[in-house]
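Report on the structure
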Amino acid sequence: MPTVGCVNGIAEKLVAKLKAELSLTSHLSSLTSHIDNIYAWHHNYGCSQLSEDHENTRKVLRDICLHPNAGAVLVLSLGCENNQPEDFMAMLGDYDKDRIKLLVTQRVDDEIEAGMQMLRGLYNIASQDKRTEVPVSKLRVGLKCGGSDGFSGITANPLVGEFSDWLVAQGGTSVLTEVPEMFGAETILMNRCTSKELFDQTVAMVNNFKNYFLSHGEPVGENPSPGNKAGGISTLEDKALGCTQKCGKAPVNGVMAYGDRLQNPGLNLLSAPGNDLVASTALAACGCHLVLFTTGRGTPFGTFVPTMKIATNPDLASRKLNWIDFSAGQLLEGRTMQEIVSEFIDKVLAVASGEPAKES
């Protein structure tokens, strides 16, 4: 995890070098049996940012380091960036110092050799982990849509809403975001808040986003993208009514600011924009183990947790086999919601248990 974009290249080189070393010594047998993969989560931030912008970057990077999907983490710093390494590590709180290590590249002669020594140790610890069964109440799932079409609010979003209600009923957690895509249907969510405090937080979350647009001279009702409109969504209200269906009918049990980490089980609302990359990353950063991403136009994007694509229509599902993980378009071909929900639950739980969402 680079603390600043300046060391992205070093991070990528370390990942490639470790993978090559493991392949030579074990033919990746250890990697595939205990560790799903090794990643460098590169980004362009960590310096030349101010106030809230800078703090948001630090919070998301912190959340990635502490994410439950991470077996071990090397925090890779340059040393002179605004996101100062010692201050950043202090943000992690009482973390496991055997599983999270810091390397400041300006302070060592050979950052590749120093990094490899630390990575070998981290890998040896993480490779001893074993999968153990836990109740579904431990599962945290993010809810997202992108590249929507006229079927989004009829097939895929209601399907995900059914799953969200099922998960919440088991004691699990789902998280809805994309605040600008709630505009026009926000009262549906407000009326489901379990307390006045949560109601007030939801109102503030929505109004703060609207005020942000207005303060920059931008309209609040121009959210549907060209692809949305081409797919059959004509207004922001169309988009919002589809967006809110992803969280089913469960009561709202938590409201989070951008970069916050999950505290409450049940349905949570998260403040983040409609942008696919930012919203999906915010869902993962808050602690979701995977993201359910409905789409009618298709998208290859995946964030740093498994990002399952659910097609709204059968044409997309049949054309983009390398993108789509599940087709809600079956609802347009005569199958019932009850039949599909059962299959969808099995699919999500399989991915949560370690099965790839899509075989490469």
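In this text the structure is predicted, and so the values were computed from the model without any measurement.

Parameters at a glance
Residues numbered from 1 in each chain as written. Predicted model: local features only at pLDDT ≥ 70, side-chain atom pairs only at ≥ 80, totals over all residues. Heavy atoms only, no water. Axes fitted to C-alpha atoms, helices over the stretch in contact; angles between N-to-C directions. Helix = DSSP H or I, 4+ residues; strand = E, 2+ residues; numbered from the N terminus. Left-handed = near helix turned anticlockwise from the far one by under 90°. Contact = heavy atoms within 4.5 Å. Disulfide = S-S within 2.5 Å. Buried < 20%, exposed > 50% of the residue type's maximum accessible area, 1.4 Å probe, protein only. Patch = residues over 30% accessible without salt bridge, like charges linked within 9 Å, V, L, I, M, F, W, Y side chains within 5 Å. Areas by Shrake-Rupley, 256 points an atom, 1.4 Å probe, with all protein chains shown as cover. Salt bridge = Lys/Arg side-chain N within 4 Å of Asp/Glu carboxyl O. Polar contact = N/O pair within 3.5 Å; in protein donor to acceptor, adjacent residues only side chain to side chain.

Turning to the packing of helix 6 (residues 156–169) against helix 13 (residues 337–352), a few remarks are in order. Remark: helix 6 packs on helix 13, axes separated minimally by 10 Å, with the N-to-C direction vectors making an angle of 65°. By crossing handedness, the relation of helix 6 to helix 13 is classed as right-handed. Contacts between helix 6 and helix 13 pair Pro158, Leu159, Val160, Glu162, Phe163 and Trp166 from the former with Met337, Ile340, Val341, Phe344, Ile345, Val348 and Leu349 from the latter.

Scanning all chains against the criterion turns up 0 disulfides. Its sulfur unpaired, Cys288 is 3.8 Å from the next cysteine sulfur, which belongs to Cys286. Accessibility expressed as a relative area gives 0% for Cys288, which makes it buried.

Residues Phe151, Ile154 and Leu332 make up a contiguous nonpolar surface patch of about 260 Å² in total accessible area. As for its position among the elements, Ile154 is in the loop between strand 3 (140–145) and helix 6. Judged by its relative accessible area of 52%, Ile154 falls in the exposed class.

Right, let's get into the side chain of Thr312. Note on placement: Thr312 falls in the loop between strand 8 (307–311) and helix 12 (314–319). Judged by its relative accessible area of 0%, Thr312 falls in the buried class. In this structure the side chain of Thr312 is engaged in a polar contact, spanning 2.9 Å, whose partner is the side chain of Asp149. A distance of 3.2 Å separates polar atoms of two side chains, one belonging to Thr312 and the other to Asn313. When near neighbours in sequence (up to four residues on either side) are disregarded, Thr312 contacts Asp149, Phe151, Ser152, Thr155, Ala156, Thr295, Gly296, Ala328, Gly329 and Leu332.

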